[in-house]
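# Coordinate analysis (summary)
In case you want the letters, here they are:
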Amino acid sequence: MADGTFVRDEEGEEAVQKLIYESARGTEPDGDENEFQDFLNDFGEGLESEQLPWPLLGCCSAIFFEHDAAASGSASEAEGEPTVGGGSRIARRVPSSEDIRDANLAYLRVLKPDAHLANPPELSSLRIMRPTESIPQLCEDITDGFIASADKNLVALYAGPYRAGTNNLKGGYLIYDSSSNSLSTIPQPPHDYTRHGVGNGAAAVLCLDGAEYVLGELTKVRGSDPPEAALCTWQSSTAEWVVKNASFPRDLSPPDHLFEADMCFSFGGSVLCWVDLFKGMVVCDLGSVLPLGARPELRFVPLPGECPTYDRIERPKLPLKAEEFRSMACVGGSIRFVTMDGYGERSGEEVWLAVWTLSPDLCSWKKGKVYRVRDIWDSEAHRSLGLLRTLPSFPVLSRNEEDVVYLILTDLNVAADFRAEYKSQYLIRVDMERNKVEYRPTNTEQIRDQLLATEFSAYLQSN
């Protein structure tokens, strides 16, 4: 296309795969195609396949903002002029909410993305770079970002301490677009202290036609009876927030129940999904909300009946973090749920990976492939590394490969007094259909959170 975006069709597949290969390995000046073909054979189905091995984002959810030394020494700093984020005029008085908002937005607009694409299954990364070594006035708390969601070429991030419904004045949203390798800034929705958050996974991004997108932020209305939600939507075409109330499922509301979104994603080109991995997900079809201004309708889709559910209102009884053993995503046009059955309840020998697929009408789940953890341990890949039979965690569904799940295994040194110390980590790729297990040492610091499976490499600019 004219904007440099790759289109995911047959003609573009080889170019996209070549870009992934060259980004990870470097170009081959001698024109040697053998290594490139080996790359395709090792991971993916070759050029005849419709599926491509898009990478995992290895930065997990948290992204620290780093100083870009190459961008330092700007004229404003050299001449002693006020940098973005305010100046001496604001410092002479107590800053207003508008001062903080304007300073934050000015700072966020000068940040730049730095994406590093790795050869799957190694981990890719996304860094956010600031041009100044110091952080501008009124922006001192904006030191990192948190990935909220991703869709196609877009990654939505919370910037700074702001989270949906927290009413923290510091921060906002950043949208990374891999097709242009750019960042867009979105301010916080209008402050309303009657709204409160439903978890970190409350801001879902959805690609629309062309280069347009919408960001949907789900919050609850305090003290509402019957329970109400507030859906805040930002459309890139209008560049403004629209807030609409909607009925919230009573069986997800206090005092007896509590819904907390662990993650979110889009589905079917118009549906936003907010997932509580202990209970199920809330979905909203924006098909009539955006063009017609209709009242949003929220619908609850429970987890498969075989999967234990937990109510966060009883936190002392909860197992470990939900993302340690569960995840959900849109895979090949269907919503899929992966769980490690028995995790935290039975010995690792009796833990199973199971993948469920939701029906197109979002009414019923069908159980698919299962895979025993002990078969991972018994694989040649595991035994050849001499690893302990340590329980893997943080399962992530491949976004484009049927029945492929990624997990993290942490290798430990066990001392004579039985104290365990961190040694290294491995990314495990389990192809449940082909009964194939692969291990790769991670190329990042210790991973303590769930990875993000992305598609953005398919849309990277060619230049």
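Residues numbered from 1 in each chain as written. Predicted model: local features only at pLDDT ≥ 70, side-chain atom pairs only at ≥ 80, totals over all residues. Heavy atoms only, no water.

Looking now at the overall build of the chain. Regarding its fold elements, the chain presents eight helices and 26 strands. Among the 463 residues that make up the chain, the fraction classed as buried is 51%. Sequence separation of 24 or more characterises 57% of the internal contacts of the chain that already satisfy a separation of 6 or more. Accessible surface for the chain amounts to roughly 21000 Å². Of this, 48% is attributable to carbon and sulfur atoms. (Helix = DSSP H or I, 4+ residues; strand = E, 2+ residues; numbered from the N terminus. Buried < 20%, exposed > 50% of the residue type's maximum accessible area, 1.4 Å probe, protein only. Contact = heavy atoms within 4.5 Å. Areas by Shrake-Rupley, 256 points an atom, 1.4 Å probe, with all protein chains shown as cover.)

On to the packing of aromatic side chains, then. Summed over all chains, the structure comprises 12 aromatic pairs. Ring geometry for Phe146 and Tyr158: centres 6.4 Å apart, planes at 35 degrees, overall tilted. Residue Phe146 is found in strand E5 (residues 144–151), and its partner Tyr158 is found in strand E6 (residues 154–159); the two are separated by 12 residues along the sequence. Each of the two residues, Phe146 as well as Tyr158, counts as buried. An aromatic cluster is built from Phe146, Tyr158, Tyr162, Tyr173, Trp234 and Trp241, whose rings are joined through pairwise contacts. (Phe/Tyr/Trp six-rings, centres within 6.5 Å; stacked < 30°, edge-to-face > 60°.)

Residue position: Val370 is located in strand E21 (residues 365–372). Judged by its relative accessible area of 37%, Val370 is partly exposed. Between the C-alpha atoms of Val370 and Asp403, which are 33 residues apart in sequence, the distance is 9.2 Å. With sequence-adjacent residues up to four places away left out, Val370 is seen in contact with Trp352, Leu353, Ala354 and Met432.

Taking strand neighbours across the sheet as the criterion, the four strands line up as E14-E15-E16-E17 in an open arrangement whose pairing is antiparallel. The sheet is open, and its two borders are formed by strand E14 (263–267) and strand E17 (298–302), each paired with just one other strand. Taking each pair of neighbouring strands and ignoring which way they run, the sheet shows an average axis angle of 25 degrees. Both strand E16 (residues 280–285) and E17 contribute to a ladder of five bridges, which runs antiparallel. Residue pairing across strands places Val282 opposite Phe300, the latter belonging to E17. (Pairing = 2+ DSSP bridges. Axes fitted to C-alpha atoms, helices over the stretch in contact; angles between N-to-C directions.)

Here the focus is the environment of Asn435. Here Asn435 lies in the loop between strand E24 (420–431) and strand E25 (436–441). Sequence separation of Asn435 and Asp375 is 60 residues, and the distance between their C-alpha atoms is 9.0 Å.

Attention now moves to the pairing of strand E11 (residues 213–221). Most of E11 sits inside the fold, with nine of its nine residues counted as buried. Two elements, strand E9 (residues 195–196) and E11, share two bridges in a ladder whose sense is antiparallel. Bridging across to E11, Arg195 finds its partner in Val221. Bridge analysis of strand E10 (residues 203–207) against E11 gives five bridges, and the strand direction is antiparallel. Within the sheet, the bridge partner assigned to Val205 lies in E11 and is Leu215. In this antiparallel pair of consecutive strands, E10 and E11, the connection spans five residues, and Gly210 shows a positive phi of 65 degrees. Both E11 and strand E12 (residues 228–235) contribute to a ladder of seven bridges, which runs antiparallel. By the bridge assignment for E12, Gly216 is matched with Thr233. Hairpin geometry of E11 and E12 is characterised by an intervening segment of six residues between the two adjacent antiparallel strands and by a positive phi of about 70 degrees at Gly223.

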